[in-house]
Amino acid sequence: MKQAGEIIRRMAFWGLDMVKGGRQKKIKMVNKREIVEGITEDYAKRRTRAILAYAREQCAFYKDIPSLSLQDFPVMTKMDYNAKRDQILSDEYQEKKDTLYKLKTSGSTGAPFTVLCDREKMIRYNMNYISFMELNGFRMGMKRGEFRVWIEGKNKITKWKSLKNNLLMIDISNMGDEALQGICRRIQKERIQVLVCYSSALGPLLNYIRKYNVDIRKWDVEMIFAMGEGLPQTVWEGLTETFGFSPVRSYGNNENGFLACEIQGEGWYTADLYNFYIEILKMDSDEPADSGELGRVVITDYYNRAFPMIRYDTGDTALYEEICDGRGRIHGYFNEIYGRRGSLLYNCDGEPLSMHCFLNVLIDLEDVVHQAKCIQWEKTRYELLLNADPEKVDEQMVINAYKQYLGDAARIDVTYVDEIPVEASGKRMVCENRMVNQ
């Protein structure tokens with residue numbers, strides 16, 4: 001149901017944009033069209049060449065690159081960017097740092113990282129988000145409740161920004177029953193229309209709703225937008241059954257924006273090739289991965305000229321494919337996103353496991369284990385951190401639940417802990433790879 005605040009904000013936003021020439025609306029319309037209809041090969045070549053030429057001309061770090069071939073540019077990690085920050089910041093913006101926007105990552109699964117970006121990139125960053133949201137039924141101005149760990153002085157927003165953007169901060173540092181009761185009351189009382197959540201928060205929310213028969217018919221929620229780690233199919237199905245519509249699964253990062261998103265429950269992630277060039281490289285080299293091979297997600301951002309991000313190794317791994325349709329337009333699809341290499345676990349046969357496996361195990365154990373984290377130390381040696389009452393846990397049953405994915409040869413040690421903390425990003429990691437030689 002449309003709310004007065006939503007309508008007022010939508011009219012104000014697009015009205016102001018129209019007064020300024022309507023640039024944001026034009027970018028959004030093109031962005032949405034290109035996501036759905038695909039891009040041309042010529043567009044990808046032009047945009048790639050343009051950012052490479054700009055970087056070689058404007059950035060000290062790239063001035064000695066011998067050609068405008070993408071393969072001549074180095075693959076960069078967060079740590080590389082941190083080490084070369086001043087050399088990558090373009091000459092055009094060296095004296096304009098105070099005018100630039102800051103896109104920060106928490107560093108919960110890697111190095112803390114801040115990307116500076118110019119106004120053009122920031123506009124595209126926002127319209128990229130709006131494009132994916134609108135393709136799934138979002139209306140500009142809808143009241144959003146954003147679930148994350150909100151930290152004063154780090155990511156907490158002002159009351160004015162909260163009011164202006166119709167965005168409410170929902171803290172998930174605690175997801176116990178008492179905290180979830182307060183969250184559910186707030187969703188209803190403040191008539192929140194869109195839940196923007198890390199996937200790890202949606203499972204506990206669904207379980208609480210079911211456990212206490214929360215009457216969500218009194219809620220105004222029309223959309224659930226899942227971010228971060230993969231949303232287990234069982235949670236997706238449970239939310240669909242409970243709310244009467246499917247949650248939207250997305251993939252992206254704070255540094256660049258949303259890279260891909262499900263559209264109307266398709267079951268795969270459609271990539272935004274309008275804003276990004278995507279490469280999938282081998283796990284142990286910078287060579288392209290073979291078709292259907294698990295690889296590292298490396299992206300080139302077409303539009304950040306202040307701080308060109310060329311061949312950025314996101315730290316994620318995925319299965320990805322591109323197809324050319326009958327009209328000669330290119331579409332990119334992520335069929336499976338495994339997440340960070342540091343959280344990519346392997347079974348005893350050396351095969352990669354989706355994070356979904358571990359999330360599914362936790363769902364099956366919800367009445368037994370409060371929290372759990374699986375750590376891989378060696379090829380067949382694992383450790384389970386369990387937040388549970390040892391006297392109430394059938395340890396062998398829990399081990400067997402993990403063995404169905406890890407393999408019968410898995411050696412699993414169990415360690416009981418009082419808490420598995422939420423990371424600064426709002427994520428609670430359910431698996432971690434600590435093998436020395438991977």
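How each quantity is defined
- Residues numbered from 1 in each chain as written.
- Predicted model: local features only at pLDDT ≥ 70, side-chain atom pairs only at ≥ 80, totals over all residues.
- Heavy atoms only, no water.
- 1 Å grid on protein atoms, 1.4 Å probe; cavity = no way out; pocket = protein on both sides within 12 Å on 5 of 7 lines; lining within 4 Å.
- Points joined across faces, edges and corners; volume = space filled by probe spheres on them.
- Helix = DSSP H or I, 4+ residues; strand = E, 2+ residues; numbered from the N terminus.
- Nonpolar A, V, L, I, M, F, W, Y, C, P; charged D, E, K, R; others polar.
- Pairing = 2+ DSSP bridges.
- Axes fitted to C-alpha atoms, helices over the stretch in contact; angles between N-to-C directions.
- Phe/Tyr/Trp six-rings, centres within 6.5 Å; stacked < 30°, edge-to-face > 60°.
- Buried < 20%, exposed > 50% of the residue type's maximum accessible area, 1.4 Å probe, protein only.
- Contact = heavy atoms within 4.5 Å.

A look at empty space enclosed by the protein
Logical step 1: Per the stated rule, a full pass over the model turns up two cavities of 30 Å³ or more.
Logical step 2: Of the pockets and cavities examined, the second largest cavity occupies roughly 30 Å³.
Logical step 3: Lining the second largest cavity, in full, are Glu34, Ile35, Gly38, Ile39, Thr270, Ala271, Leu273, Ile330, His331 and Gly332.
Logical step 4: Within the residue set of the lining of the second largest cavity, elements represented by two or more residues are helix H2 (23-37), strand S10 (269-271) and strand S14 (329-340).
Logical step 5: Of the residues forming the lining of the second largest cavity, the biggest block, three residues, is contributed by S14.
Logical step 6: When grouped by side-chain class, the residues that make up the lining of the second largest cavity number five nonpolar, four polar and one charged.

Let's talk about the sheet that holds strand S18 (residues 381-387)
Logical step 1: The strand order across the open sheet formed by four strands is S19-S18-S17-S20, and the pairing between neighbours is mixed. One side of each edge strand has no neighbouring strand; the edge strands of this open sheet are strand S19 (411-416) and strand S20 (431-433). Averaged over all pairs of adjacent strands, the angle between their axes in this sheet comes to 20°, without regard to strand direction.
Logical step 2: Sheet topology places strand S17 (residues 371-376) next to S18; six bridges connect them, and they run antiparallel. Of the residues in S18, the one forming a bridge with Ile375 is Glu383.

Focus on the packing of aromatic side chains
Logical step 1: Throughout the structure, instances matching the rule amount to 18 aromatic pairs.
Logical step 2: Seen from their ring centres, Tyr81 and Phe307 are 5.6 Å apart, and the 55° between their planes marks the pair as tilted. One end of the pair, Tyr81, is in helix H4 (residues 78-83); the other, Phe307, is in the loop between strand S12 (295-301) and strand S13 (312-324), with 226 residues separating them in the sequence.
Logical step 3: An angle of 85° between the planes, with centres 6.0 Å apart, marks the rings of Trp268 and Tyr333 as edge-to-face. Highlighted residues: Trp268 in the loop between strand S9 (257-261) and S10 and Tyr333 in strand S14, separated in sequence by 65 residues.
Logical step 4: A residue is classified by how much of its surface remains accessible, and Tyr333, at 16% relative accessible area, is buried.

Considerations on the environment of Lys97
Logical step 1: When you line up the elements, Lys97 lands in the loop between helix H5 (85-88) and strand S2 (101-105).
Logical step 2: Along the backbone, Lys97 and Ala60 are 37 residues apart, and their C-alpha atoms lie at a distance of 16 Å.
Logical step 3: Non-local contacts of Lys97, meaning those with residues more than four positions away in its chain, are made with Asp86 and Leu89.

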